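Architecture and fold: a report
Okay, here's what each chain looks like letter by letter:
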Amino acid sequence: MENRTDIKRAALDKFYLDAKNPRLGRRQANTDLSQEEILGLMRNWVLDELAVSYLESGFWTHEALLVIEEELDGKSRLVVVEGNRRLAALIYLQQAINGNPDSKKWGLLVENLAKDKLEELKRLFRNIPYIQIDSRRDVESFLGFRHVTGIKQWPPEQKARYITKLIDERGMSYKEVMRKIGSQTPAVRHNYITYRLFLQMADWLEDFSIEDAERRFSVMYNALRTDGVQDYLNIDIFANERASQMPVPKPRQRALENFARWLFGKKAEDLDSIFTDSRHVSDFGKMLEDPQTLQYLEESKNPNFEVARKLMGGEEADFVQHLSEAAANVRIVLTGVHHYKNSEDIQKAVETLGIDVQQLLSIFPHILQKLERTEKED
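What comes next is a walk through the structure. (Residues numbered from 1 in each chain as written. Predicted model: local features only at pLDDT ≥ 70, side-chain atom pairs only at ≥ 80, totals over all residues. Heavy atoms only, no water.)

1. Observations regarding the overall build of the protein
From N to C terminus, the protein includes 20 helices and five strands. In summary, the protein has a C-alpha radius of gyration of 29 Å against a globular reference of 21 Å for 378 residues, an excess of more than 25%. Taking the principal axes of the C-alpha coordinates as reference, the protein spans close to 95 × 65 × 40 Å. In the protein, the share of contacts with a sequence separation of at least 24, taken over all contacts with a separation of at least 6, comes to 64%. About 22300 Å² of surface is accessible on the protein, with carbon and sulfur atoms providing 48% of the total. With 54 positive and 61 negative side-chain charges, the protein shows a spacing of 5 Å between the two charge centroids. (Helix = DSSP H or I, 4+ residues; strand = E, 2+ residues; numbered from the N terminus. Rg over C-alpha atoms; globule rule 2.2 N^0.38 Å. Contact = heavy atoms within 4.5 Å. Areas by Shrake-Rupley, 256 points an atom, 1.4 Å probe, with all protein chains shown as cover. Lys, Arg positive; Asp, Glu negative; His and termini not counted. Charge placed at Lys NZ, Arg CZ, Asp CG, Glu CD.)

2. Focus: the packing of helix H14 (residues 253-264) against helix H16 (residues 291-299)
Relative placement of two packed helices is described by the angle separating their axes and the distance separating the axes. Across the interface, H14 lies against H16 with an axial gap of 10 Å and an inter-helix angle of 85 degrees. On the basis of the axis angle, H14 is roughly perpendicular to H16. Residue-level contacts link Asn258, Arg261 and Trp262 of H14 to Leu294, Leu297 and Glu298 of H16. (Axes fitted to C-alpha atoms, helices over the stretch in contact; angles between N-to-C directions. Parallel < 35°, antiparallel > 145°, perpendicular 65-115°, else oblique.)

3. Structural notes on H14
With 12 residues, H14 should cover 16 Å at 1.5 Å per step; its first-to-last C-alpha distance of 16 Å lies within 8% of that length. Among the 12 residues of H14, 10 are classified as buried, and the element is accordingly described as predominantly covered. Buried residues of H14: Gln253, Ala255, Leu256, Asn258, Phe259, Ala260, Arg261, Trp262, Leu263 and Phe264, and no others. On its buried side, H14 packs onto helix H10 (185-204), helix H11 (210-215), helix H12 (217-223), helix H13 (227-233), helix H15 (281-287) and H16. Immediately beyond the C-terminal end of H14, within one or two residues, lies Gly265, with a positive phi of roughly 80 degrees. (Expected span 1.5 Å × (residues − 1). Buried < 20%, exposed > 50% of the residue type's maximum accessible area, 1.4 Å probe, protein only.)

4. Things to note about the packing of helix H19 (residues 344-363) against helix H20 (residues 365-377)
The N-to-C vectors of H19 and H20 enclose an angle of 110 degrees; their axes lie 5 Å apart at closest approach. When the interaxial angle is binned, H19 and H20 end up roughly perpendicular. Touching Leu361, Ser362 and Ile363 of H19 are Pro365, Ile367, Leu368 and Leu371, all from H20. A breakdown of the residues in the contact of H19 with H20 according to their chemical character gives six nonpolar, one polar and no charged. (Nonpolar A, V, L, I, M, F, W, Y, C, P; charged D, E, K, R; others polar.)

5. Details of the nonpolar core
With 50 residues, the main nonpolar core has Leu197, Met201, Leu233, Phe259 and Phe284 as its most contacted residues. The biggest single contributor to this core is H10, with nine residues. Once residues lying within four places of it in the same chain are set aside, the contact partners of Phe284 are Val229, Phe259, Trp262, Leu263, Ile274, Phe275 and Phe305. Of all hydrophobic cores here, the second largest spans 36 residues; its members include Phe15, Trp45, Leu78 and Leu121. (Core = buried A, V, L, I, M, F, W, Y, C linked by side-chain atoms within 4.5 Å.)

6. Observations concerning the packing of aromatic side chains
Counted under the stated rule, the structure contains 14 aromatic pairs. Each ring, one from Tyr92 and one from Trp106, has its centre 5.3 Å from the other, and the planes form 25 degrees; the classification is stacked. Of this pair, Tyr92 sits in helix H4 (residues 84-97) while Trp106 is found in helix H5 (residues 104-110), placing the two residues 14 residues apart along the sequence. The same class applies to Tyr92 and to Trp106, which are both buried. For the pair Trp262 and Phe284, a centre-to-centre distance of 6.1 Å together with 75 degrees between the ring planes defines the contact as edge-to-face. (Phe/Tyr/Trp six-rings, centres within 6.5 Å; stacked < 30°, edge-to-face > 60°.)

7. A few points about the sheet that holds strand E1 (residues 8-10)
Here we have five strands laid out as an open sheet, ordered E1-E5-E3-E4-E2, and mixed in their pairing. Every interior strand has two partners, whereas the edge strands, E1 and strand E2 (15-16), have only one. Note that E2 and strand E4 (residues 75-82) share two bridges and pair parallel. From the neighbouring strand, Tyr16 faces E4, where its bridge partner is Val79. Relative to the sheet, H4 contacts E2, strand E3 (65-72), E4 and strand E5 (128-132), its axis offset from that of E4 by approximately 115 degrees. (Pairing = 2+ DSSP bridges.)

8. Considerations on unusual backbone geometry
One non-glycine residue, Val46, lies in the positive phi region at around 55 degrees. Within the element layout of this structure, Val46 appears in the loop between helix H2 (35-41) and helix H3 (47-57). Even without a glycine there, the phi angle at Asp73 is positive, about 55 degrees. With respect to the helices and strands, the residue Asp73 is situated in the loop between E3 and E4. Assessed through its relative accessible area of 70%, Asp73 is described here as exposed.

The structure is reproduced here in structure tokens:
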């Protein structure tokens, strides 16, 4: 492999966006996209923020693109394997400067550029810094650290897809991946099993929305942490690489269909997922452990999450939490409210609280009687 400190330079039009970029998504990254199509898919990647940075501070050498030589359209090309957002931002910026902005936003960015700044950009377009590497494998450790465990992390689905690629295509073990990307073995294994589950859904299930599952991948990842989901799907979360290639056994296909419907909905039947807030994952896992709640989820065509929580007793836990928080707040107020006895706002708030407490105690007369006896004794 070439020395990574060997900075080279080339004109902007010599670089090619990577059709295998994980950020393009599973479907797009597995197709032969043209450069125009890739650029179009990247349009909403907040590229203008990078462009503003280049206009204000320039393009620093430490931002050099990492490239490999690959054959595209029958010719050897410089394909960017790290720095595709930087390259796309520069392409859009050049188009705008040449009078062909992709949108009004890009036109406004360069509308009033000073002459010296314009000349500086034109020089940059002729001299983009890059480092050439021998193969994609040579950059895997760097990509893994930077985007899976580092400061510029990919979204959850892209991290898991990258880990899965190392295991399935490179034949690496969990521990080898752990050492390569600087993660922990349990996290690597959990990412792999979750992504293999995602692939299993895509292969087994009809009317399965890959886009919705990619968007809510973190929900599936967290759901798979719960005992309820693991037991319901019969997934061994501690399985080795080979055993995890098909996480859900064939006899549990119906359970997998239910799980996918509950998490991602079902477009053909106009059914939404039963919950959208990732904070409900823990409750969801407990629902699958409760026979009565699970029966409701399985037998109802369009189950309601709140109904399921009530069946499970989740509403009672909420009320306990609210009452505990209210009591804690009152105790805090009692430490200093006597200083504001003459405040009309305070008096009004106390009156409202008193009415609510009276109504609450009327529901629990035995508690009211107990308090009255305590008051008499005092």
